[in-house]
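Structural description and commentary
What follows is the residue order along each chain.
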Amino acid sequence: MTALKRKREEIPGPHKSPRVEDEDQMMEGDQDSEDSGEMSAMDEDEAQGEWGGITGSNEAVPPEGVHTGKKSKLPSTGEELRAIKDASDLFKSSSFKLQIDVLLPNVRPKASRVPPLERFLFALHSFLKEIPSVAPQHPLEAARKLLKKGVAVPYSLPLPTEETNWKVAFEPPSDITLVGSWANKVSVKPKDGNKFGVDLAVEMPNSLFQEKDYLNGRFFHKRAFYLATLAAAIQKSKMLDIDVSYESLQGDTRLTKLVLTPKPNDSVNNFTKIHAKVCVLPILSTNSPIPLHRLSPSHSNIRLNVATNITNDDTKAAAHHPTPSYNTALLRTLAPKFQLLSVHELQNDCPAFSDALTLLRIWANQRGYSEGTRMCVRGFEGAGPWWWSILALLLNGEERRPGATKANKRKSVGKGLSSYQLFKAALEFLAKHDFEKEHVFVRSPEGHRYPPEEYSSGTEALFVDSASLTNLLAGVPLGSLELLRYDARQTLDTLNQASFSGDPFGGVFLKDCRDLPTRFDIILQVNLTSAKPRNASAHSTIDFGSPANALLASINSILRLGLGDRSRAVTILHPSSTPRSLSQAHPSSPDIIFIGLIHDPHHAFRLVDHGPAANAEDEIAVQNFRDLWGDKAELRRFKDGRILESVVWEVTTADERAHVPSMVVRHLLKRHFSIQDGDVETWQASFDALLRLPPSVSREYMASGVSTGFKGALTAFDNLVKAVKKLDDDLPLSLLTVSPISEMLRYTSVFSPIPLTSSLASLLPPNARYLAPIEIILEFEKSSKWPDDIKAVQAIKLAFFERIASTLMNSVPGLTAKVVVGDGVHGSLILDKACMEIVTPEGWAFSASIWHDREVNLLDQVIGGETSTLPHIVSKKEKKRSAEYYEALEAKEFYMRRFIHAPRHHRAIATLAHHYSAFPGTVRLVKRWLASHWILHGHISNEVIELICASFFIDSGRTVTSDTDTEKTMQHLVPTSKERGFSCVIHFLKEWKWEEGLFVPLYGAAAAPASESLPSTSTRSGNASVWKVSTELDKDGHVWTHQGPDLVVAHRVHALANATWNCLQGIEQGQLNVQSIFIHPTDDYDILVKLDPSVLPRYFHNVNADTTLLTKRGKYANKTQGDETVGLMPGFDPAQLLFNDLQRVYTDTLKLFYDPFGGDSIGAVWDPSLKEARPFRVLGGFSSLPVKKDKAKDKGMVVLNQSAIISELERLGYGLLKKITLHA
Amino acid sequence: MSTIPSNVSGFTVLPIKYSSTATHYLYARSHVSKADARKVLPEGRTLFLVNVPPDATERELVLFFKHSGTVEKVIFNFEVKEPHHEDSDSEDGEGDEDAMDEDAADEQPRKRRKTQPPAAPAVIPLPAQPLRHFRKTGSSAYVIFLDSSSLERALASTSKPRAWPKSSEEPSGLAHYRALYDSLRPPLDAVRAFADSSIELYEYELAKSKQKSKYRKGEAVVDEDGFTLVTRGGAYGKTLGGGVGVASKRFQRSGETARNRGNKKAKKEKEGFYAFQKAEKQRSNLIELKRKWEEDKVKVEKLKAARRFKPY
């Protein structure tokens, strides 16, 4: 820069030509912009100085007017520029920064409403100072006195007894301080309309305590009495006039505090508007007589036998178990003041600290790591210090561990980071840190109070903060931390996604992510009322503060042990504790908890759990294993010769394999806590039932022993391909490839495919004899012999079919093949509508069509006419679009979909199904759901559903192709159970704004460039569909939404998803009825056509089939004898055909809905626009009825002739329908 | 129901009694001829019907008008068919296989008339069954009577609804679908006969059109202005005129010449060569940055207005 300046000075002013002048100005403009660009990197004042200097030199340049003109084009001041640069450099993007700026004030208390609260706090302060002291007295006696005033003393376990020889007393507090987030102005609005917490630390005078008070909860009893006295005084006070209640964090009586909430009155101190509560926490002063070295986590401070058996001497105390959580609870009463100072220091050190903390807490609140009325993750109540300590760890670094080298010491981050960067760093820590194995000691200037070895005894996670030197994760189950880790990883994935199409901001900060169904692979609802721990110890009960806490801690550790690597997270959830009245001494514990599991797809469905070897030296390991599993543990010899203790989980079907983790949980709960199966509820089985055939039908299949399922279908397909390939000598062209395009060959059909032979069919009732044909595409080698005419091509195809069919029947005994010459609807000669129907000897039906690659060119010729061959000749006259043109257009669209897109789609979906075991199940459930609500098929294609479901498995920009490593894909954070996948899709459909479309990167980045050369497939301009689901190879997103849904149906899907979602939410109340989600309400339909279930070949697929109609005999016992030989009719479904015909015939009159899976009614609504009378038109397109002429008007008016249409329906569906119901 | 007017916009209303409660209404008018359709639809004895029942068959309409006179034939949905179907007979509603063979059958006689070649091979049709064909509701049809007096009678007799005759020959409902299913799967030898004869016909037509074409192989195509048409040839690069360079396919498609020719020139100037270019670039970058910032601001303001930023 200085060089340039010098250069400018060198140019002599007087003899400067205008040309040079111009150039000079240019350079200066350049200079300006360069500066502003650089400046963002510089410090503020330095940049300012430079800036000023240049503007100064600018003034020397003569033509100022021109210069300022130029300058105005530039984005104004450097200040602003720097802000803009910062936003895009230090934050994710400028819009992200702006959104953060808007978000933050919304979660903070409004400054204008603070004064009444402050006035109240002053009043409270002076009031507390003047509470009269209470003379020392026996704890029980003191409690009785207080109880008369309606205040119970929340003594913790072990309760004081009559023999107790110490006394409780009260003296006014020696100090009152405002502490916590409110004092530091980092309060974040809590979830579910809870109030801001204003923590008031009330220091209890040292004179109340003695040295030995750390033993046996004596300190807590004294604190409890102190608290109760305060409560009684405040409650009585007329001056304060406020509601007082107790609240115990995590149901731990030792952590009880007073909660003051304003009464609705109009005093000046009424702080209702700020929506806050004042919490009074009695704390211990730093120089109290209680010796801190006694409170190290390895110390035992509960002498149970002292209480029961006084004769024991002190030497026995060494044998006592340590009481880490008791000790931590005591240490916590020391912490608030230290923490206050520590946060303040951090705020001074790092300007972005407060914002980052707020972001982190919003993030955590949205995910249930806080108080709330919905299901919250256990262990995060009152976890305020934990959140800022994470940031403190990042900023200050970690304490040097004695063994650790410099290399593996965690590095601290810079203090100049932006709030977003700090937030992300915190997530990074949460996502990467292994809480189970690694202990964290935040660096503290004075060093830590207790050496790390002291902590080693506990099984808990350890995170010792720098200020209070307590373990902030005491009482937080490891399972909750696993979930935290999972969530952090998920959020990081979203934030790091380069190719993310939308704005991640909403998903990270604004969305409530506490919904159980989308969060966990399995949710178990457990009723704890009858729980009896097998080996409960009084010691752990007292250490954890209450029996419930001890129970939950033990459930968590046993489940974690039992599930092992099956799950990524085992989390206990329950609503957080609520304030209780002063007369209730002890907090109530939750009766019903939820256990959420997130599977590790690698191991979750393992059938055998291996234990230690039988001959192992380690007797204890064997003993532990047997103790964990009880009678389930058995000694087994494995193929590789090892003899191991093991547990085997019996499953009979593939569906049941997905139940193994929940079976493990049930078993463990039953063994260790005697919680019976009836008290544990999962919803898996009811979901499974939806995808299964009714038992009466599947029994026949089981008995016949045919190979069924996707595996059977694939084998049949392979055999067929082999059989056709063998015919090469008999066919004019040899077969190149056979591509499957059926959902039955890619694991995504609702029902697993089944074959049907005529012998089997005769065993089944007539309404269970549907045989679904599997669609495949034959491609022959290229040949010049194909005719150059589209109609002739179709004729040749028929000839091919005939040839294949007759030779195939000769070569494979028992196989039947037929040529299907059309679909009965389309009369077009150029449409590829013929196919070959093959039924293999095993009873599998295939429907084959032939792909000829020149077809599309021939169709293009018809579509483009002359111009396709000679595009440079522009014809003057607008050609009339003939019917032929539209026919060809339709044929081409059909061709592209079936022969180009379908095989590709099939391959991609099949790959995905191989990689993610939950994907096919998800698709099947969603299809079943849409079908049962009469929308699938008629309005929404199968493929688009597959695409939407796929988006949950590939969305994070990670595409799955056939060569992707299976190991890698296992790491992805995708749903691992079909129930979770289903909930995700429902949630998506509920939230989706379809105008925005959905992009699914199904084919991977490699496929993208190829798409440009592809001609646009949807040439039809007016597309009825409002959904837009695009892939790399289908930019328009209409290949699979060609048949809808239109606006009406899209709204319907939205409404259904909403209702279903609400139903799924019922899981939290434990009242989810899965079946009810799949039952369609029929009240909205104008016409309801009831079909006769006995003639529907697919009735056995019906979601709510009446099993009495599915018996072979039917009504007349003697009728069945007649038809012994049953002809197979693959793909024959008259109800579907009728529905298709009705849809076609009444397209402008009625909107029809039907469940393709054996639905027994068709619903229809009138087009509302036809209700009005309208003038008669020849091509009106609906059946009408003339109305009385209005004299004034000349035109004849007509109105919809509803009754005639109903009778037409009756006529069209003669023999199929039972009755037609009309709704007014 | 007595208030139903007897005619609407010039159409006579013909009530049909479906059942005791439901009445369907046909709108009938004597057909007014258009120049091109005169041959097929004789004026004076053709009745134009609107709102024909969707499942009506020719037989049913014949039966319905039996009382007014004998019907020669019925043509459904005439207007939407393309002109060359004019001389097709009325069977085109009878399912696709019929359509297929009738289509082939009606095309060739026309051409024969002009050129008088040796007899064309006939397509052996697929076995056809009488089947209903469902049309869109509210469609139209022409009924051609044998004489004009029947037409008058048909238009006059509107007084009381007559029952809709039901032809038993074409099944309906479930039986229809069974019959359709079977008829779509004809015996293999019938398929072969049909396919073979269709291909024969195609080859015959191909030969005929080659013969008919006024351009012979190797002869230049000269239009009336005297210009010779030069196009790309077939698969092996034969051009009709021969020996003349023809625009590439790429050019034909897009109208652009090959990219390497034009682009060379444009690339000559380096981008960051002059200082002013750099300056300009930086300036525009900054302006762009600012613009985006402002855009984002507006967007966020909008979201704020929609109260989106209340997380809970």
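Just so you know, the residues in each chain are numbered from 1, in the order the chain's sequence is written. Lettering for chains starts from A, numbering for ligands starts from 1, and both go in the order in which the items are written. The model is predicted, so local features are restricted to residues of pLDDT at least 70 and side-chain atom pairs to those at 80 or more, both for listing and for counting; the totals for chains, interfaces and linings are taken over all residues. Just so you know, side-chain values use all the structure's heavy atoms and leave hydrogens and water out.

Right, let's get into the overall build of chain B. A run of H or I in DSSP counts as a helix once it spans at least four residues, and a run of E counts as a strand once it spans at least two, with each numbered from the N terminus. For chain B, the count of helices and strands is 8 helices and 9 strands. Counting the 312 residues in chain B, one finds 41% classified as buried. In what follows, residue pairs with any heavy atoms lying within 4.5 Å of each other are defined as contacts. Sequence-distant contacts in chain B: of pairs separated by 6 or more residues, those separated by 24 or more amount to 65%. Surface summary for chain B: the accessible area is close to 18200 Å², and the carbon and sulfur share equals 53%. Residue exposure (1.4 Å probe, protein chains only): buried if accessible area is under 20% of the type maximum, exposed if over 50%, otherwise partly exposed. Surface accessibility in these figures is a Shrake-Rupley result with a 1.4 Å probe; residues are shielded only by whichever protein chains are displayed.

Let us now look at the overall build of chain A. The number of helices and strands found in chain A is 41 helices and 31 strands. Every one of the 1224 residues in chain A was classed for burial, and the buried ones make up 55%. Long-range pairs, those at least 24 residues apart, make up 75% of the contacts in chain A between residues at least 6 apart in sequence. Carbon and sulfur atoms provide 53% of the accessible area of chain A, an area that totals close to 51900 Å².

Turning to the pairing of strand E27 (residues 1161-1166) of chain A, a few remarks are in order. Residues and elements named next belong to chain A. Within E27, 6 of the 6 residues are buried, leaving the element largely enclosed by the surrounding structure. On E27, burial covers both faces: Ser-1161, Gly-1163 and Val-1165 on one face and Ile-1162, Ala-1164 and Trp-1166 on the other are all buried. The pairing of strand E25 (residues 1087-1091) with E27 spans 4 bridges and is antiparallel. Bridging from a neighbouring strand, Val-1089 pairs with Ile-1162 of E27. Pairing between strands requires that DSSP locate at least two bridges from one strand to the other. Bridge count for strand E26 (residues 1150-1154) against E27 is 5 bridges, and the pairing is antiparallel. Bridge assignment links Tyr-1154 to a residue of E27, and that residue is Ile-1162. Between E26 and E27, which pair antiparallel and follow one another directly, the connecting turn spans 6 residues, one of which, Gly-1158, has a positive phi of 65 degrees.

Helix-helix packing is described using two parameters, namely the angle between the two axes and the distance between the axes. Residues and elements named next belong to chain A. Between the N-to-C directions of two axes lies an angle of 0 to 180 degrees, each axis being a line fitted to C-alpha atoms and, for a helix, fitted only over the stretch in contact. The geometry of helix H10 (residues 218-236) relative to helix H12 (residues 324-332) is characterised by a closest axis approach of 11 Å and an angle of 40 degrees between their N-to-C directions. What the angle tells us is that H10 and H12 run oblique. In this structure, H10 meets H12 at a crossing whose hand is left-handed. For the pair H10 and H12, contact is made by Arg-218, Phe-219 and Phe-220 and by Tyr-326, Ala-329 and Leu-330, respectively. Nonpolar residues are Ala, Val, Leu, Ile, Met, Phe, Trp, Tyr, Cys and Pro. Charged residues are Asp, Glu, Lys and Arg, and all others, Gly as well, are polar. Looking at the contact of H10 with H12 residue by residue, the classes come out as 5 nonpolar, no polar and 1 charged. Angles are sorted into four bins: roughly parallel if under 35 degrees, roughly antiparallel if over 145, roughly perpendicular if 65 to 115, and oblique for all others. We call a crossing left-handed when the near helix sits turned anticlockwise from the far one by less than a right angle, and right-handed when that turn is clockwise.

For Phe, Tyr and Trp, rings pair up if their centres lie within 6.5 Å, where Trp contributes its six-membered ring, and each pair is then called stacked (planes under 30 degrees apart), edge-to-face (over 60) or tilted (otherwise). The final tally for this structure, using the stated rule, is 51 aromatic pairs over all chains. One aromatic cluster is present, built from ring pairs that chain together A:Trp363, A:Tyr369, A:Phe380, A:Trp386, A:Trp387, A:Phe429, A:Phe435 and A:Phe463. Between B:Arg135 and the ring centre of B:Phe76, over which it is positioned, the NZ or CZ distance is 3.7 Å. When the ring centre of B:Tyr181 is taken as reference, the NZ or CZ atom of B:Arg185 above it lies at 3.6 Å. Criterion for a charge above a ring: Arg CZ or Lys NZ at most 6 Å from the ring centre, at most 35 degrees from the ring normal.

All right, on to a nonpolar patch on the surface then. All names here are of chain B. Taken together, the side chains of Phe-273, Tyr-274 and Phe-276 present a nonpolar region at the surface, about 340 Å² in accessible area. The topology assignment puts Phe-276 in helix H8 (residues 275-305). Owing to a relative accessible area of 38%, Phe-276 belongs among the partly exposed residues under this scheme. Candidates for patches are residues over 30% relative accessible area with no salt bridge; among them, like charges are joined within 9 Å and nonpolar side chains (Val, Leu, Ile, Met, Phe, Trp, Tyr) within 5 Å. Whenever a carboxyl oxygen of Asp or Glu lies within 4 Å of a side-chain nitrogen of Lys or Arg, that contact is scored as a salt bridge.

So, about the interface of chain A and chain B. The interface of chain A with chain B comprises 106 residues on the first partner and 80 residues on the second. Buried area is understood as the total, over both parts, of accessible area removed when two parts are fitted together, assessed with a 1.4 Å probe. A per-residue breakdown of the area chain A buries against chain B is headed by A:Phe1176, A:Pro1186 and A:Arg1211, which together make up 9% of the total. There are 4 salt bridges connecting chain A and chain B. With its nearest N and O atoms 2.7 Å apart, the salt bridge here joins B:Arg185 to A:Glu837. Two N or O atoms form a polar contact when they lie within 3.5 Å of each other; inside protein one atom must be a possible hydrogen donor and the other a possible acceptor, and for residues adjacent in sequence the pair counts only when both atoms belong to side chains. In this structure, the connection of chain A to chain B is made through 17 residue pairs in polar contact (both at pLDDT 80 or more). Top element by residues in the side of chain A that touches chain B is helix H29 (residues 790-811) of chain A. It accounts for 9 residues. Partitioned by chemical class, the residues of the side of chain A that touches chain B number 54 nonpolar, 29 polar and 23 charged.

Here the focus is the side chain of B:Ser183. All names here are of chain B. Residue position: Ser-183 is located in helix H4 (residues 174-183). Note on Ser-183: relative accessible area 6%, which makes it buried. A polar contact of 3.1 Å, which involves the side chain of Ser-183, links it to the backbone oxygen of Leu-180.

Residue and element names in this part refer to chain A. Values of pLDDT, the confidence the predictor places in each residue, fall between 0 and 100. The predicted model of chain A has a mean per-residue pLDDT of 80, with 84% of residues at 70 or higher. Per-residue pLDDT stays below 50 along residues 306-318; that stretch engages in 5 contacts with residues further than four places along the chain or on separate chains. The low-confidence segment residues 1117-1123, where pLDDT is below 50, has 2 contacts with residues more than four positions distant or belonging to other chains.

Let us now look at the packing of helix H34 (residues 942-954) of chain A against helix H36 (residues 978-991) of chain A. Residue and element names in this part refer to chain A. Running from N to C, H34 and H36 cross one another at 110 degrees; their axes reach a closest spacing of 10 Å. By the angle between their axes, H34 is roughly perpendicular relative to H36. Two packed elements cross with a definite hand, and for H34 against H36 that hand is right-handed. For the pair H34 and H36, the contacting residues are Ile-948, Cys-949 and Phe-952 in the first and Cys-984, Val-985, Phe-988 and Leu-989 in the second. Class assignment of the residues belonging to the contact of H34 with H36 gives a composition of 7 nonpolar, no polar and no charged.

All names here are of chain A. Reading across the sheet, the 4 strands line up as E26-E27-E25-E31 and stay open at both edges, with antiparallel pairing between neighbours. Looking at which strands have only one partner, the edges of the open sheet turn out to be E26 and strand E31 (1217-1222). Averaged over neighbouring strand pairs, the angle between their axes works out to 20 degrees when direction is ignored. Contacts from helix H40 (residues 1134-1145) reach E25, E26 and E27 within the one sheet, and its direction differs from that of E26 by about 165 degrees.

A word on the environment of A:Arg303. Position of A:Arg303 relative to the elements: it lies in the loop between strand E7 (276-284) and helix H11 (304-308). Spatially, the C-alpha atom of A:Arg303 lies 10.0 Å from that of A:Pro158, the residues being 145 residues apart in sequence.

A few words now on the confidence of the model for chain B. Residue and element names in this part refer to chain B. Here chain B averages 72 in pLDDT, while 66% of its residues score no lower than 70. For chain B, the element scoring lowest by mean pLDDT is helix H2 (residues 96-115), at 40; H4 scores highest, at 88. This stretch, residues 79-117, has a pLDDT under 50; its non-local contacts, to residues over four places away or in other chains, come to 54 contacts. Confidence drops under pLDDT 50 across residues 235-243; counting only partners more than four residues distant or on other chains, this segment forms 12 contacts.

Residues and elements named next belong to chain A. Within the open sheet, the 5 strands sit side by side as E8-E12-E13-E11-E17. Their pairing is antiparallel. Both outer strands of the open sheet, strand E8 (376-377) and strand E17 (680-681), are each paired with one neighbouring strand and no more. Note: strand E11 (residues 522-527) against E17, 2 bridges, orientation antiparallel. Each bridged residue has a counterpart across the sheet, and for Gln-525 the counterpart in E17 is Glu-681. Packed onto the sheet, helix H21 (residues 547-563) meets strand E12 (567-574) and strand E13 (592-599) and runs at close to 160 degrees relative to E12.

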